[in-house]
Amino acid sequence: MSTINNALTLKQILLGISDSLNEAQNHLRNVKPYDEFGRPNTLYTLPYLDFNLQVEAEFEQETSSESQNDPNSRMLKGLATNKMNQTYEKSIAFRPVSVKTDTKETSKVTSAISGRFVAIVPNEGLPQLIINAIPKRTTDSHIFDIEVVVFNAAGEKISDALVEFNYNAQKTELINTNAALNHQTAFLNVSEIRTDSNGKAKTQVKVDGVDYANGCVLIVEVNIGNVFTKIAIQK
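Residues numbered from 1 in each chain as written. Predicted model: local features only at pLDDT ≥ 70, side-chain atom pairs only at ≥ 80, totals over all residues. Heavy atoms only, no water.

**Describing the sheet that holds strand β10 (residues 200-206)**
Now for step 1: With antiparallel pairing, the 4 strands of this open sheet are ordered in space as β5-β6-β10-β8. What marks the edges here is a single partner per strand, and that holds for β5 (129-137) and β8 (186-187).
Now for step 2: Two elements, β5 and strand β6 (residues 143-152), share 9 bridges in a ladder whose sense is antiparallel. Pairing of L129 across the sheet is with N152, part of β6. (Pairing = 2+ DSSP bridges. Helix = DSSP H or I, 4+ residues; strand = E, 2+ residues; numbered from the N terminus.)

**Some points on the layout of surface pockets**
Now for step 1: Reported here for the largest pocket is a volume of approximately 270 Å³.
Now for step 2: Considering the residues around the largest pocket, the lining is formed by 15 residues, among which N22, Q25, R29, L46 and A119 are closest to the centre.
Now for step 3: Of all the secondary structure elements, the ones that give two or more residues to the lining of the largest pocket are α1 (10-29) and β4 (105-118).
Now for step 4: Taken together, the residues of the lining of the largest pocket sort by class into 9 nonpolar, 5 polar and 1 charged. (1 Å grid on protein atoms, 1.4 Å probe; cavity = no way out; pocket = protein on both sides within 12 Å on 5 of 7 lines; lining within 4 Å. Points joined across faces, edges and corners; volume = space filled by probe spheres on them. Nonpolar A, V, L, I, M, F, W, Y, C, P; charged D, E, K, R; others polar.)

**Describing the environment of N168**
Now for step 1: Note on placement: N168 falls in the loop between β7 (162-167) and α3 (169-175).
Now for step 2: In this structure the C-alpha to C-alpha distance between N168 and L218, which are 50 residues apart in sequence, comes to 7.9 Å.
Now for step 3: In this structure N168 touches I219 and E221, once residues within four positions along its chain are discounted.
Now for step 4: Separated by 3.2 Å, the side chain of N168 and the backbone nitrogen of Q170 make a polar contact.
Now for step 5: Here the side chain of N168 touches E221 through a polar contact of 2.9 Å, side chain to side chain. (Contact = heavy atoms within 4.5 Å. Polar contact = N/O pair within 3.5 Å; in protein donor to acceptor, adjacent residues only side chain to side chain.)

**Section: a nonpolar patch on the surface**
Now for step 1: A cluster of nonpolar side chains, contributed by Y48, V118 and I120, occupies part of the molecular surface with about 340 Å² of accessible area.
Now for step 2: For I120, the position within the fold is in the loop between β4 and β5.
Now for step 3: The exposure class assigned to I120 is exposed, which follows from its relative accessible area of 68%. (Patch = residues over 30% accessible without salt bridge, like charges linked within 9 Å, V, L, I, M, F, W, Y side chains within 5 Å. Areas by Shrake-Rupley, 256 points an atom, 1.4 Å probe, with all protein chains shown as cover. Salt bridge = Lys/Arg side-chain N within 4 Å of Asp/Glu carboxyl O. Buried < 20%, exposed > 50% of the residue type's maximum accessible area, 1.4 Å probe, protein only.)

**So, the pattern of salt bridges**
Now for step 1: Tallied over the entire structure, the rule returns 7 salt bridges.
Now for step 2: Here R39 ties to D35 by a salt bridge, and the two come within 2.9 Å at their closest N and O atoms.
Now for step 3: Note that K202 is salt-bridged to E147, the shortest N-O span being 4.0 Å. A residue pair is termed long-range when its members are at least 10 positions apart, and K202 in strand β10 and E147 in strand β6 qualify at 55 residues.
Now for step 4: Assessed through its relative accessible area of 42%, K202 is described here as partly exposed.
Now for step 5: For E147, a relative accessible area of 28% puts it in the partly exposed group.
Now for step 6: It is possible to trace a salt-bridge network through shared partners that takes in K136, D145, E147 and K202.

**Overview of the environment of I231**
Now for step 1: Mapped onto the fold, I231 is located in strand β12 (residues 227-233).
Now for step 2: I231 sits in the buried class, given a relative accessible area of 5%.
Now for step 3: In this structure I231 touches A133, P135, I146, L218, I219, V220 and V222, once residues within four positions along its chain are discounted.

Below is the structure:
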C-alpha cells in the first residue's frame, strides 16, 4: 500500500496555513469592542505570520511487470509482450514524520520550509475607489454614451485612472435565459480610457438593435483594476 497518499503537497500545506490564518483573523475581527459590563476588550490583529516547518520530502516510484505468457494482461492493457517493466513516478509530497515502506522504491530528504504570510490592507491602505457609471442614450436609439466619474471614499476625484469597458456576453445570456441573443454589441471608439483632471471618462457603445428591440437586458462592465461596477442597458 502506498504511503505517499498520506502525505501533503506543498500547495496543500500552504493553503492549510492560509485558511487557518484567515479563520483566526476573522475571529479576532469579530471580537466585540466592549464586554457585557461595558469594559473595553483587548483587540488583536495579525499583521504577519512567520512559519518554519520541518518536513520530509518523499519521492516514490511504483513499478509493474508484465509476463510475456499472460494473454489476459496483453488483452487488458494492449501492450507488447516484450515490455517487461513500466515505471510510474509520483509527484513530490511532504510529511512531518518519517514513514517506512518495504514495497516501494523511495528516496527521502528532510528539509525545512519557512516563510511569512503578510496581511495586505485592502486597496493598499488607500480610500476605496468608487466608480459611478451612467449610460445615456444618444439621438440614435442603439448608441449609448457611458459617462464615468471616479472618486474615492474621501470624495477626492481620481485623475489618470485607466478605465476599462467590457460587454459581458456570458452574464447577458444568464439574465436573458429565454432569448436568442445576437451579441453584436460593441464599443465605437475606445474600450480603455484614462480619466481627466476631474476624474471623468466617456465612451460610446452600440448595442445590438434586435436584442435591444426585444427588450433584452445587456450587461456592460466598467472596472479600474479589481474595482468593478456593472451597467444594465434595456429598452
